[in-house]
Amino acid sequence: MAEVYDLHCHSTASDGALSPSELVRRAHAQGVTTLALTDHDSVAGLEEARQAASGLGLRLINGIELSASYQNQCLHIVGLNIDPQHPSLLAGIARQQAIRDERAKLIADKLEKKRIPGAYQAVMLAAGDGEITRSHFADFLLANNHVATQQEAFDRYLSKGKPGYVQTLWAGLEEAVAWILEAGGIAVMAHPMRYKLSAKFMNRALVAFKQAGGQGIEVVTGRASDDEIRFGRQLAINHQLHASVGSDFHSPDNQWVELGRLAELPRGVPPVWELF
Ligand code: AMP
Ligand code: MN
Ligand code: MN
Ligand code: MN
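Residues numbered from 1 in each chain as written. Chains lettered and ligands numbered in written order. Predicted model: local features only at pLDDT ≥ 70, side-chain atom pairs only at ≥ 80, totals over all residues. Heavy atoms only, no water.

A. Quick peek at the overall build of the protein. Of regular secondary structure, the protein possesses nine helices and eight strands. The globule rule puts the C-alpha radius of gyration for 276 residues at 19 Å, and the 18 Å found for the protein is close to it. For the protein, the spread of C-alpha atoms along the three principal axes comes to 55 × 45 × 40 Å. Burial statistics for the protein: of 276 residues in total, 53% are counted as buried. Sequence separation of 24 or more characterises 73% of the internal contacts of the protein that already satisfy a separation of 6 or more. For the protein, the computed accessible surface area is about 12700 Å², with 49% contributed by carbon and sulfur atoms. (Helix = DSSP H or I, 4+ residues; strand = E, 2+ residues; numbered from the N terminus. Rg over C-alpha atoms; globule rule 2.2 N^0.38 Å. Buried < 20%, exposed > 50% of the residue type's maximum accessible area, 1.4 Å probe, protein only. Contact = heavy atoms within 4.5 Å. Areas by Shrake-Rupley, 256 points an atom, 1.4 Å probe, with all protein chains shown as cover.)

What follows is the structure in structure tokens.
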């Protein structure tokens, strides 16, 4: 049977709609044979996912998606094959989670000044035990008819330069990579096509990433166009990084992104799973 990899997705441990076990069951039903659960700054879903996966014969890769700061720009670093109990990683995650809680209060304060009260209580309730993300704020804005779509919530309130945006100092890029390496994992630059950075900045960031010990880059993601895949492939070649594939699935409500529904990895780049 052909292997089907999906090495980037989210559960209710961060901003995903499905519990870890629901997510694993859906991945299996979609034909995924190797799945990495990569919640934002959290490993809390991995144990439940592991149990669900073992019953189905699906290979689960322990993963995470860390938010990192590089020269005032937020970059997402996926860690694959990590030891979720490694002390350095756990200490790092605890710091990121404190930053998330603090940022959530600041975002809510900013929305309140725009006469949108009650956001903090709402996102706390929605996130439950999971990490609070801007997606939770987007859902709140949507549910209270301040916007018509999630996208509009980002465009009008939550993106850089908008009234609900809070500049955040995440872990440094080198630091985030170090946590992943110390936990025995492989660090992968997430969705390079999504940052809208200049070529110069992107290259500088990838040189720093590689220098820190980063080994992979996502070349195929959920909604990537052929051009975006070519772009990712070229970055992988230029910086001698292994190529990863991941849907970045968050919810069954998004009809454009499905677990395991990914373009084929283009030729000429070594797959990241060679490193597993
Ligand atoms: P955070 O890490 O809390 O800043 O939240 C980032 C998450 O918000 C991402 O992982 C996406 O799931 C979501 N997100 C970010 N930007 C957008 C956007 N423009 N439209 C829809 N979702 C977005
Ligand atoms: Mn997300
Ligand atoms: Mn991301
Ligand atoms: Mn993601």
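B. Structural view of the coordination of the manganese ion (ligand 4). Those donors, His8 (NE2), His10 (NE2), Glu65 (OE) and Asp248 (OD), are the protein atoms that reach the manganese ion (ligand 4), and they lie 2.1 to 2.2 Å from it. The distance between the manganese ion (ligand 4) and the manganese ion (ligand 2) is 4.5 Å. Each member of the pair His8 and His10 is classed as buried. (Donors = N, O, S within 2.8 Å, 3.2 Å for Na, K, Ca; no water.)

C. Expanded view of the pairing of strand β4 (residues 73-80). Buried residues dominate β4, accounting for seven of its eight residues. Strand direction decides the pairing type here: strand β3 (residues 59-70) and β4, joined by eight bridges, are antiparallel. From the neighbouring strand, Gly63 faces β4, where its bridge partner is Leu80. Where β3 hands over to β4, the hairpin turn is made up of two residues, of which Gln71 adopts a positive phi near 45°. With four bridges connecting them, β4 and strand β6 (residues 186-189) associate as antiparallel partners. Its bridge partner being in β6, Ile77 is matched across the sheet by Met189. (Pairing = 2+ DSSP bridges.)

D. Structural view of the site of ligand 1. Lining the immediate surroundings of ligand 1 are Asp15, His40, Arg100, Arg103, Thr133, Arg134, Ser135, Gln150, Gln151, Phe154 and His250. Separating an oxygen atom of ligand 1 from a side-chain N or O atom of Arg103 is a distance of 2.4 Å. In the model, an oxygen atom of ligand 1 is placed 2.7 Å from a nitrogen or oxygen of the Arg134 side chain. For ligand 1, the protein covers 78% of the area, taking 490 Å² as the surface of the free molecule. If you count residues domain by domain, the shell around ligand 1 takes at least three from each of domain 1 (5-92 + 174-275) and domain 2 (98-158). (Near = heavy atom within 4 Å. Polar contact = N/O pair within 3.5 Å; in protein donor to acceptor, adjacent residues only side chain to side chain. Domains from an automatic or database assignment.)

E. Geometry of the pattern of salt bridges. In total, this model carries seven salt bridges according to the counting rule given. The partner of Lys105 in a salt bridge is Glu102, and the shortest N-O contact between them spans 3.9 Å. Placement of the pair is Lys105 and Glu102 together in helix α3 (residues 87-113), with a separation of three residues, close to one helical turn. For Lys105, a relative accessible area of 35% corresponds to the partly exposed category. With a closest N to O distance of 2.9 Å, Asp248 and Arg194 form a salt bridge. In this pair, Asp248 is assigned in the segment after β8 (242-246) and Arg194 in the loop between β6 and α8 (199-212), connecting sequence segments 54 residues apart. Judged by its relative accessible area of 8%, Asp248 is buried. (Salt bridge = Lys/Arg side-chain N within 4 Å of Asp/Glu carboxyl O.)

F. Inspection of the packing of helix α5 (residues 134-143) against helix α6 (residues 150-158) at higher detail. Contact geometry for α5 and α6: axes closest at 9 Å, N-to-C directions at 105°. On the basis of the axis angle, α5 is roughly perpendicular to α6. Here α5 contributes Arg134, Ser135, Phe137, Ala138, Asp139, Leu141 and Leu142 to the contact with α6, which in turn contributes Gln150, Ala153, Phe154, Tyr157 and Leu158. For the contact of α5 with α6, the residue count by class is eight nonpolar, two polar and two charged. (Axes fitted to C-alpha atoms, helices over the stretch in contact; angles between N-to-C directions. Parallel < 35°, antiparallel > 145°, perpendicular 65-115°, else oblique. Nonpolar A, V, L, I, M, F, W, Y, C, P; charged D, E, K, R; others polar.)

G. Representation of the pairing of β8. In terms of burial, β8 is largely enclosed, as five of its five residues are buried. Looking at chain direction, strand β7 (residues 216-221) and β8 are connected through five bridges and run parallel. Pairing of Ile217 across the sheet is with Ala243, part of β8. Chirality of the crossover, the property in question, places the unit of β7, helix α9 (residues 226-238) and β8 among those that are right-handed. (Right-handed = clockwise from strand over helix to strand, strands pointing away.)

H. Molecular detail of α9. Between the first and last C-alpha of α9 there are 18 Å, a value that for 13 residues agrees with the 18 Å anticipated at 1.5 Å per step. Buried within α9 we find Ile229, Gly232, Leu235 and Ala236. On an axial view of α9, the arc spanned by its buried residues comes to 125°, and they lie on one face. Those residues of α9 that are exposed and aimed more than 90 degrees away from the buried face are Asp226, Asp227 and Arg230. For α9, the elements touching its buried residues are α8 and β7. Trailing α9 by a residue or two, Gln240 shows a phi angle of about 50°, which is positive. (Expected span 1.5 Å × (residues − 1). Arc of directions from axis to C-beta.)

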